[in-house]
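As a plain string of letters, each chain reads:
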Amino acid sequence: MSDDLKRWQIERHAELSSPDSWLGLVGLFWLQPGRNPVGRAATATVVLPHGPELLGDLSWADGRVVWQPAGGPEVALATDRHGAPTIVDFENLSFFVVDRDGQLAVRLRDRNWAAKAPFAGLDYFPFDRSWQIVAAWQAIDPPLTMEVPNVSGELKTVSVAHRAVFELAGQMVSLLPMAVSDQEVFFVFRDRSSGRETYGAGRFLKTSGPLDGKLTLDFNRAYNPPCAFTPFATCPLPPPENWLPFAVPAGEKKWLKPA
């Protein structure tokens with residue numbers, strides 16, 4: 001295993017064991033236009049596990065979200081649409097607003113989650129150089145338009161202008177990217193190990209951008225999506241085109257929640 005891959009695995013562990021881990025999420029609450037109370041009251045839109053009956057109000061109007069703590073001044077909140085969202089803290093809790101194609105939701109996090117059940121780490125398949133696959137970055141003309149579902153059943157429209165094409169065990173296969181930037185290409189895939197040794201809904205894979213019409217798919221870096229760790233994430237599911245007809249015994253294995 002290369003030092004670079006070891007460093008990547010260490011960074012994954014640090015991310016998932018941190019106070020801001022996906023494992024610390026304790027709620028996902030969809031907002032309605034207008035006033036959305038936040039507090040311990042059962043009638044609140046965002047229900048807190050402890051604290052005052054009314055901690056404050058989130059108001060969503062005219063494309064803006066404003067937080068007004070009870071008895072305090074209004075503060076405009078940024079969603080995660082264009083970067084890091086504004087985080088509101090209360091004791092060990094924090095919450096922020098996420099934008100999913102115009103639908104807004106609040107994610108609630110317990111930053112002390114690890115005191116109850118510390119993250120024990122991930123299991124990986126042994127490193128295998130044969131799963132570092134050079135693929136052709138093939139243009140699709142005209143581009144495909146796909147409706148990609150997430151685990152909540154919602155659909156997101158994705159335009160796909162390229163595919164990664166490679167040969168394995170005598171089969172020509174391809175993967176369609178979910179997102180492409182100047183720095184990286186992002187794939188969501190599943191394979192014959194999904195639901196057995198790996199997470200049932202599939203795994204994520206990021207690669208560097210293409211160079212000279214090729215890119216390297218290093219499946220040793222295939223990793224579990226946030227939905228493998230929490231029910232409060234909205235992960236994209238792999239399109240049928242990305243269901244590989246063979247097992248990929250590389251990368252992260254299924255995470256098993258401690259009993």
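Cut-offs and rules
- Residues numbered from 1 in each chain as written.
- Predicted model: local features only at pLDDT ≥ 70, side-chain atom pairs only at ≥ 80, totals over all residues.
- Heavy atoms only, no water.
- Phe/Tyr/Trp six-rings, centres within 6.5 Å; stacked < 30°, edge-to-face > 60°.
- Helix = DSSP H or I, 4+ residues; strand = E, 2+ residues; numbered from the N terminus.
- Buried < 20%, exposed > 50% of the residue type's maximum accessible area, 1.4 Å probe, protein only.
- Pairing = 2+ DSSP bridges.
- Axes fitted to C-alpha atoms, helices over the stretch in contact; angles between N-to-C directions.
- Core = buried A, V, L, I, M, F, W, Y, C linked by side-chain atoms within 4.5 Å.
- Contact = heavy atoms within 4.5 Å.
- Disulfide = S-S within 2.5 Å.
- Expected span 1.5 Å × (residues − 1).
- Arc of directions from axis to C-beta.

Chemist: Help me out: how do you make sense of the packing of aromatic side chains in this one?
Modeler: The description of an aromatic ring pair rests on the distance of the ring centres and on the angle between the ring planes. A full pass over the atoms with the stated rule returns 10 aromatic pairs. Pairing Trp 8 with Tyr 223 gives two aromatic rings, centres 6.4 Å apart and planes at 70 degrees, and the pair type is edge-to-face. Of this pair, Trp 8 sits in helix α1 (residues 3-17) while Tyr 223 sits in the segment after β16 (214-218), and the two are 215 residues apart along the sequence. Here Trp 8 matches Tyr 223 in class, with each residue buried. Ring centres of Phe 189 and Phe 219 lie 5.3 Å apart, and the angle between their planes is 80 degrees; this geometry places the pair in the edge-to-face category. In this pair, Phe 189 is assigned in strand β14 (residues 184-189) and Phe 219 in the segment after β16, connecting sequence segments 30 residues apart. The pair Phe 189 / Phe 219 is uniform in exposure class, with both members buried. Here a set of aromatic residues connected by ring pairs shows up, and it is made of Trp 8, Tyr 124, Phe 186, Phe 204 and Tyr 223.

Chemist: Explain the sheet that holds strand β11 (residues 155-168) to me, please; I cannot follow it from the model alone.
Modeler: Either a parallel or an antiparallel arrangement is found when strands of a sheet pair, and the pairing is made through backbone hydrogen bonds. The strand order across the open sheet formed by 4 strands is β12-β11-β10-β16, and the pairing between neighbours is antiparallel. The sheet terminates laterally at β12 (171-175) and β16, the two strands that pair on one side only. Taking each pair of neighbouring strands and ignoring which way they run, the sheet shows an average axis angle of 45 degrees. Sheet analysis places strand β10 (residues 132-149) next to β11, joined by 10 bridges and oriented antiparallel. Residue pairing in the sheet places Glu 147 in a bridge with Thr 157 of β11.

Chemist: Honestly, the nonpolar core in this entry has me stumped. Any pointers?
Modeler: In this structure, Phe 166, Leu 175, Phe 187, Phe 189, Leu 217, Phe 219 and Val 248 are the most contacted members of the largest nonpolar core, which totals 20 residues. Of all elements in the fold, only β10, β11, β12, β14 and β16 reach the threshold of two or more residues within this core. Dropping the residues within four chain positions of it, Phe 187 is found in contact with Trp 137, Ala 164, Leu 175, Leu 176, Pro 177, Met 178, Arg 203, Phe 204, Leu 205, Thr 207 and Leu 217. Listed in part, the 19 residues of the second largest apolar core include Phe 29, Leu 48, Trp 60 and Phe 90.

Chemist: Whenever I open this one, unusual backbone geometry confuses me. Can you help?
Modeler: Leave glycine aside and you will find that most residues have negative phi; peptide bonds, for their part, are mostly trans. At the junction of Asp 141 and Pro 142, the peptide bond is cis and its omega measures out at 0 degrees in the coordinates. Position of Pro 142 among the secondary structure elements: in strand β10. Non-glycine residue Ala 169 carries a positive phi angle of around 50 degrees. Note that Ala 169 resides in the loop between β11 and β12. The exposed category is assigned to Ala 169, whose relative accessible area is 75%.

Chemist: What exactly am I supposed to notice about the state of the cysteines here?
Modeler: Here a disulfide denotes one covalent bond, and it connects the sulfur atoms of two cysteines. What the rule picks out here adds up to 1 disulfide. Note on cysteine connectivity: Cys 227 is disulfide-linked to Cys 235, with sulfurs 2.3 Å apart. Between Cys 227 and Cys 235 the sulfur-sulfur dihedral comes to about 110 degrees; the bridge is accordingly right-handed. Accessibility assignment for this pair places Cys 227 and Cys 235 in one class, buried.

Chemist: Looking at this structure, I do not really get the environment of Phe 204. What am I missing?
Modeler: Following the sequence through the fold, Phe 204 ends up in strand β15 (residues 203-208). Between the alpha carbons of Phe 204 and Thr 157 there is a distance of 18 Å; along the sequence they are 47 residues apart. Apart from the residues within four sequence positions on either side, Phe 204 is in contact with Phe 186, Phe 187, Val 188, Phe 189, Arg 221, Ala 222, Tyr 223, Pro 225, Pro 226, Cys 235 and Pro 236.

Chemist: Explain α1 here, please?
Modeler: One turn of the α-helix equals 3.6 residues, which is why residues spaced by three or four share an orientation. Under the 1.5 Å per step criterion, the end-to-end length of α1 is 21 Å for 15 residues, consistent within 8% with the ideal 21 Å. If you check which residues of α1 are buried, you get Leu 5, Trp 8, Gln 9, Arg 12 and Leu 16. Down the axis of α1, the buried set is contained in an arc of 95 degrees. They therefore lie on one face. More than 90 degrees from the buried face of α1, the exposed residues found are Asp 3 and Ile 10.

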